[in-house]
Amino acid sequence: MSDATERPPEPPVTDVPVTEIDPDAWERACEEDLAAERARQRARQTTEEPGSVAEEFRKLADALAEKVAQAPIAGTAVQGAVQQLIEQAKASVEPVIERNPEVFEHLASAGSELLAAYRAAVTGEERRWTQGAEGDSKGSGEESEGSSSEHIDLD
């Protein structure tokens, strides 16, 4: 046998005597870290409160313009044309934002409603398809599970 396996294990080297090590130190450290993280999140949330939809749309347009300006596009002529197009879009939308900021509120809520309607339709169709596939395989023994087909009306 080697010398290392025959010796008893040595206690870890610390500045604190073994009798004074706190068994709850890890728990307290975790609680302190969690409290600090929560404080950082609260500070971040108070400084970055979202504005109206119109203000958020302006921020999005500015961020997109900045990303396009930084993107390596094929040549300065193309990059200049893209920047000009973005500036024209911002210039055409800005008067609408200034005169009718509630329009963007309505558009945002309409988009949310459309998304909810789409999800409901997809969920219903998925349920029908999965129930139909289970019913077909149980009902008639003539068709195999993978060979069933169904007409889907997309209108």
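Cut-offs and rules
Residues numbered from 1 in each chain as written. Predicted model: local features only at pLDDT ≥ 70, side-chain atom pairs only at ≥ 80, totals over all residues. Heavy atoms only, no water. Helix = DSSP H or I, 4+ residues; strand = E, 2+ residues; numbered from the N terminus. Buried < 20%, exposed > 50% of the residue type's maximum accessible area, 1.4 Å probe, protein only. Contact = heavy atoms within 4.5 Å. Areas by Shrake-Rupley, 256 points an atom, 1.4 Å probe, with all protein chains shown as cover. Expected span 1.5 Å × (residues − 1). Arc of directions from axis to C-beta. Bend = angle between axes of the 7 residues up to and from the residue. Patch = residues over 30% accessible without salt bridge, like charges linked within 9 Å, V, L, I, M, F, W, Y side chains within 5 Å. Salt bridge = Lys/Arg side-chain N within 4 Å of Asp/Glu carboxyl O. Lys, Arg positive; Asp, Glu negative; His and termini not counted. Charge placed at Lys NZ, Arg CZ, Asp CG, Glu CD. Axes fitted to C-alpha atoms, helices over the stretch in contact; angles between N-to-C directions. Parallel < 35°, antiparallel > 145°, perpendicular 65-115°, else oblique. Nonpolar A, V, L, I, M, F, W, Y, C, P; charged D, E, K, R; others polar.

- Naming follows an unreviewed UniProt entry, where the chain appears as DUF5304 domain-containing protein of Streptomyces endocoffeicus.

### Side note on the overall build of the chain
Here comes step 1: Scanning the chain for helices and strands turns up five helices and zero strands.
Here comes step 2: Starting at the N terminus, the α and β elements of the chain follow one another as α-α-α-α-α.
Here comes step 3: Burial statistics for the chain: of 155 residues in total, 5% are counted as buried.
Here comes step 4: Counting only contacts in the chain whose residues sit at least 6 apart along the sequence, the fraction spanning at least 24 positions is 43%.
Here comes step 5: Carbon and sulfur atoms make up 57% of the accessible area of the chain, which amounts to about 13400 Å² in all.

### Section: helix α3 (residues 53-70)
Note that an α-helix has 3.6 residues per turn; residues three or four places apart therefore point the same way.
Here comes step 1: With 18 residues, α3 should cover 26 Å at 1.5 Å per step; its first-to-last C-alpha distance of 26 Å lies within 8% of that length.
Here comes step 2: Among the residues making up α3, those that are buried are Ala 54, Ala 61 and Ala 65. End-on view of α3: buried residues confined to an arc of 35°, all on one side of the axis. Across from the buried face of α3, at angles greater than 90 degrees, the exposed residues are Lys 67 and Gln 70.

### Examining the environment of His 106
Here comes step 1: As for its position among the elements, His 106 is in helix α5 (residues 101-139).
Here comes step 2: Relative accessible area serves as the criterion here: at 55%, His 106 is assigned to the exposed category.
Here comes step 3: Remark: the alpha-carbon pair of His 106 and Val 53, spanning 53 residues in sequence, is separated by 9.4 Å.

### Examining helix α4 (residues 76-99)
Here comes step 1: In this model α4 runs 35 Å from its N-terminal to its C-terminal C-alpha over 24 residues, within 8% of the 34 Å that 1.5 Å per residue would give.
Here comes step 2: Residue Val 93 marks the point of greatest curvature in α4, where the axis turns by about 25°; the proline Pro 95 follows within four residues.
Here comes step 3: Listing the buried residues of α4 in full gives Gln 79, Ile 86 and Ile 97.

### Considerations on a negative patch on the surface
Here comes step 1: A contiguous patch of negative charge, built from Asp 24, Glu 27, Glu 31, Glu 32 and Asp 33, is present on the exposed surface.
Here comes step 2: Within the element layout of this structure, Asp 24 appears in the loop between α1 (3-6) and α2 (25-47).

### Describing the pattern of salt bridges
Here comes step 1: Applying the stated rule across the entire model yields two salt bridges.
Here comes step 2: Two residues, Glu 37 and Arg 40, come together in a salt bridge whose shortest N-O distance is 2.5 Å. Pair noted here: Glu 37 and Arg 40 are both in helix α2, with a separation of three residues, about one helical turn.
Here comes step 3: Taking relative accessible area as the criterion, Arg 40 reaches 45% and is therefore assigned partly exposed.
Here comes step 4: For the salt bridge of Arg 128 with Glu 125, the shortest nitrogen-to-oxygen distance reads 2.6 Å. A residue pair is termed a helical-turn pair when its members lie 3 or 4 positions apart in one helix, as Arg 128 and Glu 125 do in helix α5 at three residues.

### Section: the packing of α3 against α4
Here comes step 1: Viewed as axis vectors pointing N to C, α3 and α4 meet at an angle of 175°, and their least axial separation amounts to 10 Å. With respect to α4, the element α3 is oriented roughly antiparallel. Contacts from Ala 54, Phe 57, Arg 58, Ala 61, Asp 62, Ala 65, Val 68, Ala 69 and Gln 70 in α3 reach Gln 79, Val 82, Gln 83, Ile 86, Lys 90, Val 93, Glu 94, Ile 97 and Glu 98 in α4.
Here comes step 2: Here the residues of the contact of α3 with α4 are counted per class, giving ten nonpolar, three polar and five charged.

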